[in-house]
Amino acid sequence: LLGAAIHTCICLFIWMDGFLYASGIEFIFIFSVIWVGYLTYFILLKTGINQRFQDPDLTMPIIFWAVTSVMYTVSLTIEIRSLLLMFNLLVLVFAAFNLNRRQYIIVTLYGIVVYIGVIFYLKNFHPVGIDIKEESSVFVGYVLLTSALSSICYKISSLRKHLHQKNQKLAIAIKRIGAISMT
C-alpha cells in the first residue's frame, strides 16, 4: 500500500504539472479503480479470506494488479514516462521474498509485454508524442533493468528459503540436545 500511495502521489504531482493526460474526473476515476484493487487485496488479507486461496499471500495477483496499474499510468504520459516505469522496479522488490524462478520470469515478461503494448498504443494513437528511437533505448534499458532486478530478487528469495531451512534444522538439533541433556 505504501508503494501504491507513492505512485498515486507522483501521478498527482505530474498530473498537476500537466504531464499526465487525464481530466480531473478521469484522474479520480482511474485512481479510484486502482485503489479498489489495492484495498480489496488489503481486506482479503486482514479478514483472513486469503487463507482459502492456493496462494494465501496473493503475491502474483497483487503484482499483476500493480504492474497493470503502473503501465496504465505510463500510457497516459508522454514526456516523463520513464519516471513511472521505475515503479515496476518497486513492484519487483515487493516480491523479493515470495516468488520462485518461474514466477519471476512470468512477472518480468508480463511487464515487458505490457510495456510493448503501451508503446504500440502510443505509436498508433499519439504518434506525435513518441520518438521510436528514444523509446527503443528506454525499452532496452527497462528490459535489462527488470531482468537484472528479477534475477537479484530471485537470489534473495532463494537465500531466504535456504536460511529458513537451516534454521528449522537448527531448531530440531537444539530440541534434541535439550532432550539429551535431560536424560
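Residues numbered from 1 in each chain as written. Predicted model: local features only at pLDDT ≥ 70, side-chain atom pairs only at ≥ 80, totals over all residues. Heavy atoms only, no water.

## Focus: the overall build of the protein
The condition is simple: Each helix is a run of H or I in the DSSP string that is no shorter than four residues. Each strand is a run of E no shorter than two, and both are numbered from the N terminus. For the radius of gyration, the atoms used are the C-alpha atoms, and the globule rule reads 2.2 Å times the number of residues raised to 0.38. Here the term buried applies to any residue with accessible area under 20% of the maximum for its type, exposed to any over 50%, and partly exposed to those in between, with areas from a 1.4 Å probe on protein chains only. Under the convention used here, a 1.4 Å probe and the Shrake-Rupley method define accessible areas, while residue burial counts only the protein chains that appear.
Helix and strand counts for the protein stand at 6 helices and 0 strands. Mapped in sequence order, the helices and strands of the protein form the string α-α-α-α-α-α. Since a compact globule built from 183 residues should have a radius of gyration of about 16 Å, the 21 Å found for the protein marks it as more spread out than a globular shape. A buried classification covers 33% of the 183 residues belonging to the protein. Working note: accessible area of the protein is about 11400 Å², and carbon and sulfur atoms make up 71% of it.

## Examining the pattern of salt bridges
Test applied: Salt bridges are defined by distance alone: a side-chain nitrogen of Lys or Arg within 4 Å of a carboxyl oxygen of Asp or Glu.
Counted by the stated rule, this structure contains 1 salt bridge. Here R81 ties to E135 by a salt bridge, and the two come within 2.5 Å at their closest N and O atoms. Here the residue R81 occupies a position in helix α4 (residues 81–94), and E135 occupies one in helix α6 (residues 132–182), the gap between them amounting to 54 residues. Overall, R81 belongs to the buried group, its relative accessible area being 5%. Note on E135: relative accessible area 5%, which makes it buried.

## Here's the deal with the packing of helix α1 (residues 2–16) against helix α2 (residues 24–47)
Filter applied, for reference: Fitting a line to C-alpha atoms yields each axis, with helices limited to the stretch in contact; the angle taken between N-to-C directions then spans 0 to 180 degrees. Convention used here: angles under 35 degrees read as roughly parallel, angles over 145 as roughly antiparallel, angles from 65 to 115 as roughly perpendicular, and any remaining angle as oblique. Here, two residues are considered to be in contact whenever any of their heavy atoms come within 4.5 Å of each other. Three categories are distinguished: nonpolar for Ala, Val, Leu, Ile, Met, Phe, Trp, Tyr, Cys and Pro, charged for Asp, Glu, Lys and Arg, and polar for the others, with Gly belonging to the last.
Interaxial distance between α1 and α2 falls to 11 Å at its minimum, and their mutual angle equals 175°. When the axis of α1 is compared with that of α2, the two are roughly antiparallel. Where α1 approaches α2, its residues A4, A5, H7, T8, C11, L12 and W15 are matched on the opposing element by G24, F27, F31, W35 and Y38. Partitioned by chemical class, the residues of the contact of α1 with α2 number 9 nonpolar, 3 polar and no charged.

## What about the confidence of the model for the protein?
Stated formally: The score called pLDDT rates the predictor's confidence residue by residue, from a low of 0 to a high of 100.
Across the protein, pLDDT averages 85, with 98% of residues at or above 70. When the elements of the protein are averaged for pLDDT, α4 gives the smallest value, 82, and α2 the largest, 91.

## Description of α4
For clarity, the threshold we go by: As used here, the arc belongs to the directions running from the helix axis to the C-beta atoms.
Taken residue by residue, α4 has R81, L84, L85, F87, N88, V91 and L92 as its buried positions. Buried residues in α4, looked at end-on, bunch into an arc of 155°, giving them a common side. Along its buried surface, α4 packs onto α1, α3 (59–75), α5 (101–125) and α6.

## Considerations on the packing of α5 against α6
Our working definition: In this scheme the handedness of a crossing depends on how the near helix is turned from the far one: anticlockwise by less than a right angle means left-handed, clockwise means right-handed.
Where α5 contacts α6, the axes come no closer than 10 Å and their chain directions differ by 165°. Classified by the angle their axes make, α5 and α6 are roughly antiparallel. The crossing of α5 and α6 is right-handed. Across the interface between the two elements, R101, Y104, T108, G111, I112, Y115, I116, I119 and K123 of α5 pack against I132, E135, V138, F139, Y142, V143, T146, S147, S150, C153 and Y154 of α6. Looking at the contact of α5 with α6 residue by residue, the class counts come to 12 nonpolar, 5 polar and 3 charged.

## A few points about the packing of aromatic side chains
The test is simple: Aromatic rings from Phe, Tyr and Trp, taking only the six-membered ring of Trp, are treated as a pair when their centres fall within 6.5 Å; an angle between ring planes under 30 degrees marks them as stacked, one over 60 as edge-to-face, and anything in between as tilted.
Considering all chains together, one arrives at 7 aromatic pairs under this definition. When the ring of F27 is compared with that of F31, the centres are 4.7 Å apart and the planes differ by 35°; the resulting orientation is tilted. Here F31 and F27 lie together in helix α2, a separation of 4 residues that amounts to about one turn. For F27, a relative accessible area of 9% gives the class buried. Seen in terms of ring centroids, F64 and Y110 are 4.7 Å apart; in terms of plane orientation they differ by 90°. Their pairing is edge-to-face. Taken together, the residues span a long stretch of sequence, with F64 in helix α3 and Y110 in helix α5 at a distance of 46 residues. For Y110, a relative accessible area of 25% gives the class partly exposed. Connected via pairs of aromatic rings, a cluster forms that spans W15, F27 and F31.

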